[in-house]
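Descriptive analysis of the structure
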Amino acid sequence: MEEIKRTVLRWTLANATEHGGKASSKAVMGKILAELPGWKSRIVELSILVDQIVDEVNRMSPEEQQFQIKKVGLPERKSEERRGLPDLPSLQEYKTIVTRFAPNPNGPLHIGHIRAALLSHEYARRYQGKFILRFEDTNPENAMLEMYEFIKRDLRWLGLNWDEEYYQSDRVEIYYHHAEQLIKSEKAYVCDCDVEIFRKLRDSGQPCPCRGLSASENLIRWQKMLAGGYTEGGAVVRIKTD
Ligand SMILES: [Zn+2]
């Protein structure tokens, strides 16, 4: 009990000092509960104590308050606001931190992009890792040629520099290779269902008939896709997720 009284007195004195000699019970309660959350279950008891001490302190002269502060001390303040980004968890597992910013060059960067770019850049630098700029430009319909330069210029203007630069459109063969591996290991399948039908099945938690095809049947469909045997959007490769 003596301990909690002392804690309340410290916070009350601190609050009074900040507010022209008059502490507020509400503010003091907030501080105590933040510091000692265990008191939430004894809140009535605590608030009686706080009211009593606040009343005592508020009736003291400024000199008396200063005298009390010298006697009991002010509360140790935990650093209330954290400056900068928190550290990444469980870094020991990784040798290097590699982050990437992957804009679609279909327009200029907006504030949401910038946030992602800054976070990725800052973490890569903090851990002496690598920051990659990768243009997600595999949809020829919406890639705008002038945007590649605009985006790079804006990133430089923000003070961001990247260690490697990639264009997804240059790497389609790599993606094809991985897609084929996924199909072969039955982790992906080629679906040629009508979009509306597929959506209805998905929304009701049902697999579409294509999901049950064998790897070899899917590989035939895959080859047909690459050979242009489907109309645009007529077939898609889907990953088997839950
Ligand atoms: Zn399907």
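A brief report on the enclosed structure follows. (Residues numbered from 1 in each chain as written. Predicted model: local features only at pLDDT ≥ 70, side-chain atom pairs only at ≥ 80, totals over all residues. Heavy atoms only, no water.)

1. Notes on helix α7 (residues 172-184)
What counts is decided by this rule: Strands are runs of DSSP state E lasting at least two residues, helices are runs of H or I lasting at least four, and both sets are numbered from the N terminus onward. Take the number of residues in a helix, subtract one, and multiply by 1.5 Å to get its expected span.
The terminal C-alpha atoms of α7, which comprises 13 residues, lie 18 Å apart, in line with the 18 Å expected from a rise of 1.5 Å per residue. Among the residues trailing α7, Glu 186 stands out with phi positive, at a value near 60°.

2. Brief notes about the coordination of the zinc ion
The condition that has to hold: Counted as coordinating are nitrogen, oxygen and sulfur atoms within 2.8 Å of the metal, or 3.2 Å for Na, K and Ca, while water is not included, which may make sites look incomplete. Angular criteria define each label, namely tetrahedral for four donors with all angles between 85 and 135 degrees, square planar for four and octahedral for six donors with opposite donors over 155 degrees apart and remaining angles between 65 and 115, and irregular for whatever fails these tests. Here's how the labels work: a residue is buried when its accessible area is under 20% of the maximum for its type, exposed when over 50%, partly exposed in between, all with a 1.4 Å probe on protein chains only.
The zinc ion binds to the protein through Cys 191 (SG), Cys 193 (SG), Cys 208 (SG) and Cys 210 (SG), with metal-donor distances spanning 2.3 Å. Each of the four donor atoms bound to the zinc ion contributes to angles spanning 103 to 117°, and the resulting shape is tetrahedral. Each donor residue of the zinc ion lies on the same chain, and together they follow the pattern C-x1-C-x14-C-x1-C. For the pair formed by Cys 208 and Cys 210, the shared burial category is buried.

3. Side note on a nonpolar patch on the surface
Rules: Residues enter patches when their relative accessible area tops 30% and they take part in no salt bridge; the joining distance is 9 Å for like charges and 5 Å for the nonpolar side chains Val, Leu, Ile, Met, Phe, Trp and Tyr. Per-residue and other accessible areas were derived by the Shrake-Rupley procedure at a 1.4 Å probe size, with only the shown protein chains allowed to occlude residues. Salt bridge, as used here: a side-chain nitrogen of Lys or Arg that lies within 4 Å of a carboxyl oxygen of Asp or Glu.
A surface patch of nonpolar side chains, amounting to about 280 Å² of accessible area, comprises Ile 43, Val 44 and Ile 48. Ile 48 sits in the exposed class, given a relative accessible area of 54%.

4. Things to note about the pattern of salt bridges
Two side chains of opposite charge can pair, provided their charged atoms sit close to one another. For the structure on display, the rule yields 14 salt bridges. Measuring nitrogen to oxygen at the nearest pair gives 2.9 Å for the salt bridge that ties Arg 59 to Asp 55. Owing to a relative accessible area of 63%, Arg 59 belongs among the exposed residues under this scheme. The salt bridge involving Lys 152 is made with Glu 149; its shortest N-O contact spans 3.6 Å. Here Lys 152 and its partner Glu 149 are both found in helix α6 (residues 145-157), three residues apart, which amounts to about one turn of the helix. By relative accessible area, Glu 149 is classed as partly exposed at 46%. Taken together, the salt bridges that share partners define one network made up of Glu 149, Lys 152 and Glu 165.

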